[in-house]
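Reading the structure
For reference, the chains in residue letters:
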Amino acid sequence: MAPRPNAGDGKTRGSMSLVIVVGLCCFFYLLGAWQRSGYGKGDRIAEQVTQLTDCSVIPNLEFETHNKGNFDAAIDDSSKATQFESCSADYIDYTPCQDQRRAMTFPRENMNYRERHCPPEEEKLHCLIPAPKGYVTPFPWPKSRDYVPYANAPYKSLTVEKAVQNWIQYEGDVFRFPGGGTQFPQGADAYIDQLAAVIPMENGTVRTALDTGCGVASWGAYLMKKNVLAMSFAPRDSHEAQVQFALERGVPAVIGVLGTIKLPYPSRAFDMAHCSRCLIPWGANDGMYMMEVDRVLRPGGYWVLSGPPINWRINYEAWQRPREELQEEQRKIEEVAKRLCWEKKYEKAEIAIWQKRMNADSCPGRSNSRDSMCGSTNPDDAWYKKMEACITPYPEANSPDEVAGGEIKPFPERLDSVPPRISSGSISGVSVETYLEDNKLWKKHVKAYKRVNKILDSGRYRNIMDMNAGFGSFAAAIESPKLWVMNVVPTIADISTLGVVYQRGLIGICHDWCEAFSTYPRTYDLIHANGLFTLYKNKCNAEDILLEMDRILRPEGGVIIRDEVDVLMKVKKLANGMRWNTKLVDHEDGPLVREKILFAVKRYWVVGENSTSST
């Protein structure tokens, strides 16, 4: 009979094995760091050795970009998944709800044809939107503000149309954005400094801004120097690829227009709103568009209008427009501003600035004007709601000095302080304690994310989307000048929290994920979704939501999905058929928690590449 092994010998061997494994991990980690530093000579060999000996939590995911079509990367799921084919090259820049062919079938009155018109269920695409040949990862911020790879948005029409206005220039294999604009030929910095002499941008009082008719969003791009975050929008291809260029530059922007429906933002959201030659007929429709700006502008906020018709007496010849026409335009704008009780703070050259009053008591004539006050409907409820020529009432204030709706702290203090919408109890079922606990929880979640995706806040991801943002606590936890987050609050959520997001100094939008998002393909570097698929269970197909995520995600972009384990198993199987590498990991509190996290990376591939290995 063979002698029984000594238990102590087993423990010794186990301990020695552990020491050896840890030692090898440390050695190869240092070797990998050495070769990445530029001092290693055998770069390719060292990189392969580092990958083969990866001691991270999820060795099958690679978050760094390579811009190579490596379609044979390992996936930790051997089950067969439905394989989604590539769409044709005609759909490289497909925007489902702003499709040009569909748009032309709608009335042109009040820009209706440029609004959202989504395809019916039977017309939805069930294929993957390809990237153009030669697509590369955008430059890191702040270089991306000034340079965009030509291959990513290969459209030169703006370089011709706006050649004398310093918008955009084509230089070899890149576009260069000099920081100019129609109204700021001396550069955006000089223009913004002129505004900052009137508007308090330096002390955090003004944090969120709305740029209507943004062009390539140079105003929003340069505002970031002053820690002001702008939500920019412009119609789909009024000038070719303008919103696409904005997002390629790393600047927040969506496809949108002031037309017949309300803007998808809550009331009292923005500290400042801006129009620079945005071609919006502000005095038309009995001032309806200015009334919509008033709805989304917080008490004490500023409205900037530059270009025609401001100061028409001096500029009418340069604009080559009749004096009488410009005079009537400005008269109408001034009249509507007076009815809204905005105070004019500044007018010089081609710039005018108004300020919204702090409360109803500071503007007694507003309620007595000929305009009707908007009804008792929720002013935050904007999704597909018809725009009306009515004035949104202020929230009640107890004194003439009180800010209606509550005073907001300067940024960044407002990021983690309790927003007035929470402290006032105006959101049903949400207490201060609930909010603070949510804030604390997401700091914990983000810390856990960083243990897996170590480059989360390194600058690798610039444009980030949170598909079910809640109070914006995920965005607050990763707040950094290196990145920005589009906080999306689903329209079917139990409570409307987008107003809280804005009071924290963050930006976002309301949206129904049964429809496509108002953006171009490949415009986000990282997408986060918490409980989204459970929220939309029995509302619309998970497949459609995932295909939309794939459409707006860049090649080699990252995905983090947090949900119940049974939901994530179904999502994971679909994602594996979409050229995503996936890995399911436990909740940070351990394997007994039913909630899990799915990490994914979209593989690099371009138009013409139809086949992929996903098993």
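The text that follows walks through the structure, step by step, so that each part is easy to find. The structure presented is a predicted model; accordingly, all values stated were derived computationally and were not measured. (Residues numbered from 1 in each chain as written. Predicted model: local features only at pLDDT ≥ 70, side-chain atom pairs only at ≥ 80, totals over all residues. Heavy atoms only, no water.)

Observations regarding the nonpolar core
Ranked by internal contacts, the top residues of the largest apolar core, which has 132 residues, are Trp219, Tyr265, Met272, Trp282, Trp303, Met486 and Met549. Broken down by element, this core gets its largest block of residues, six residues, from helix 9 (residues 288-296). When near neighbours in sequence (up to four residues on either side) are disregarded, Trp282 contacts Thr212, Leu258, Cys275, Gly287, Tyr289, Met290, Val293, Trp303, Leu305 and Ile333. With nine residues, the next largest nonpolar core counts Val148, Ile168, Val216 and Phe245 among its residues. (Core = buried A, V, L, I, M, F, W, Y, C linked by side-chain atoms within 4.5 Å. Buried < 20%, exposed > 50% of the residue type's maximum accessible area, 1.4 Å probe, protein only. Helix = DSSP H or I, 4+ residues; strand = E, 2+ residues; numbered from the N terminus. Contact = heavy atoms within 4.5 Å.)

Some points on helix 9
The α-helix advances 3.6 residues per turn, and as a result positions three or four apart in sequence lie on the same side. Counted residue by residue, helix 9 has nine buried out of nine residues, so it is predominantly covered. Restricting attention to buried positions, one finds in helix 9 the residues Met288, Tyr289, Met290, Met291, Glu292, Val293, Asp294, Arg295 and Val296. Tucked inside the fold, the buried residues of helix 9 contact strand 4 (208-212), strand 7 (270-276), strand 8 (297-306) and helix 11 (323-340).

Brief notes about the state of the cysteines
Counting across every chain of the model gives six disulfides. What pairs with Cys341 in a disulfide is Cys363, and their sulfur atoms sit 1.7 Å apart. An S-S torsion of about 125° defines the bridge between Cys341 and Cys363 as right-handed. With Cys341 in the loop between helix 11 and strand 9 (343-348) and Cys363 in the loop between strand 10 (351-355) and helix 12 (413-416), this residue pair connects regions lying 22 residues apart in the sequence. A residue is classified by how much of its surface remains accessible, and Cys341, at 13% relative accessible area, is buried. On the accessibility criterion, Cys363 (2% relative accessible area) is buried. Cys374 shares a disulfide with Cys390; S-S distance 2.1 Å. Its S-S torsion of about 95° marks the bond between Cys374 and Cys390 as right-handed, since a negative value means left-handed. Taken together, the residues span a long stretch of sequence, with Cys374 in the loop between strand 10 and helix 12 and Cys390 in the loop between strand 10 and helix 12 at a distance of 16 residues. Considered together, Cys374 and Cys390 belong to a single accessibility category, that of buried residues. (Disulfide = S-S within 2.5 Å.)

Considerations on the packing of aromatic side chains
In the structure shown here, the tally under the stated rule is 19 aromatic pairs. In this structure an aromatic cluster arises from ring pairing among Tyr150, Tyr170, Phe175, Phe177 and Phe245. Directly above the aromatic system of Tyr316 lies the positively charged group of Arg323, at a separation of 5.0 Å from the ring centroid. A cation sits over an aromatic face here: Arg462 above Trp141, 3.8 Å from the ring centre. (Phe/Tyr/Trp six-rings, centres within 6.5 Å; stacked < 30°, edge-to-face > 60°. Lys NZ or Arg CZ within 6 Å of the ring centre and 35° of its normal.)

Describing unusual backbone geometry
Here the residue pair Trp141 and Pro142 is connected by a cis peptide bond, since its omega of 10° sits within 30 degrees of zero. With respect to the helices and strands, the residue Pro142 is situated in the loop between helix 3 (100-103) and helix 4 (143-146). The step from Pro308 to Pro309 runs through a cis peptide bond, and the omega angle for that step is 5°. For Pro309, the position within the fold is in the loop between strand 8 and helix 10 (312-319). The backbone of Cys341 shows a phi angle near 65°, a positive value even though the residue is not glycine. In the Ramachandran plot, Glu556 falls in the positive-phi region, its phi being about 70° despite a non-glycine side chain. Along the polypeptide, Glu556 turns up in strand 15 (residues 553-564).

Re the pattern of salt bridges
Here the idea is simple: oppositely charged side chains can pair when their charged atoms come close. Under the counting rule described, the total for this entry stands at 41 salt bridges. Of the charged contacts, one joins Lys444 and Asp589 as a salt bridge, the two residues approaching to 2.7 Å between their closest N and O atoms. Placement of Lys444 in helix 14 (residues 432-452) and of Asp589 in the loop between strand 16 (580-586) and strand 17 (595-602) is noted, with a sequence separation of 145 residues between them. The partner of Lys450 in a salt bridge is Asp457, and the shortest N-O contact between them spans 2.8 Å. By relative accessible area, which is 28% here, Asp457 ends up partly exposed. Salt bridges linked by common partners bring Asp286, Glu328, Arg331, Glu335 and Arg339 together as one network. (Salt bridge = Lys/Arg side-chain N within 4 Å of Asp/Glu carboxyl O.)

Regarding the sheet that holds strand 2 (residues 169-171)
Two pairing modes exist for strands in a sheet, parallel and antiparallel, and in both the strands are linked by backbone hydrogen bonds. Taking strand neighbours across the sheet as the criterion, the three strands line up as 1-3-2 in an open arrangement whose pairing is antiparallel. Of all the strands in the sheet, the pair left with one neighbour each is strand 1 (147-149) and strand 2. Averaged over neighbouring strand pairs, the angle between their axes works out to 30° when direction is ignored. Inspection of the sheet shows strand 1 paired to strand 3 (residues 174-176) by three bridges, in the antiparallel sense. Its bridge partner lying in strand 3, Tyr147 is registered against Arg176. (Pairing = 2+ DSSP bridges. Axes fitted to C-alpha atoms, helices over the stretch in contact; angles between N-to-C directions.)

Just geometry here; none of it tells us what the structure is for.
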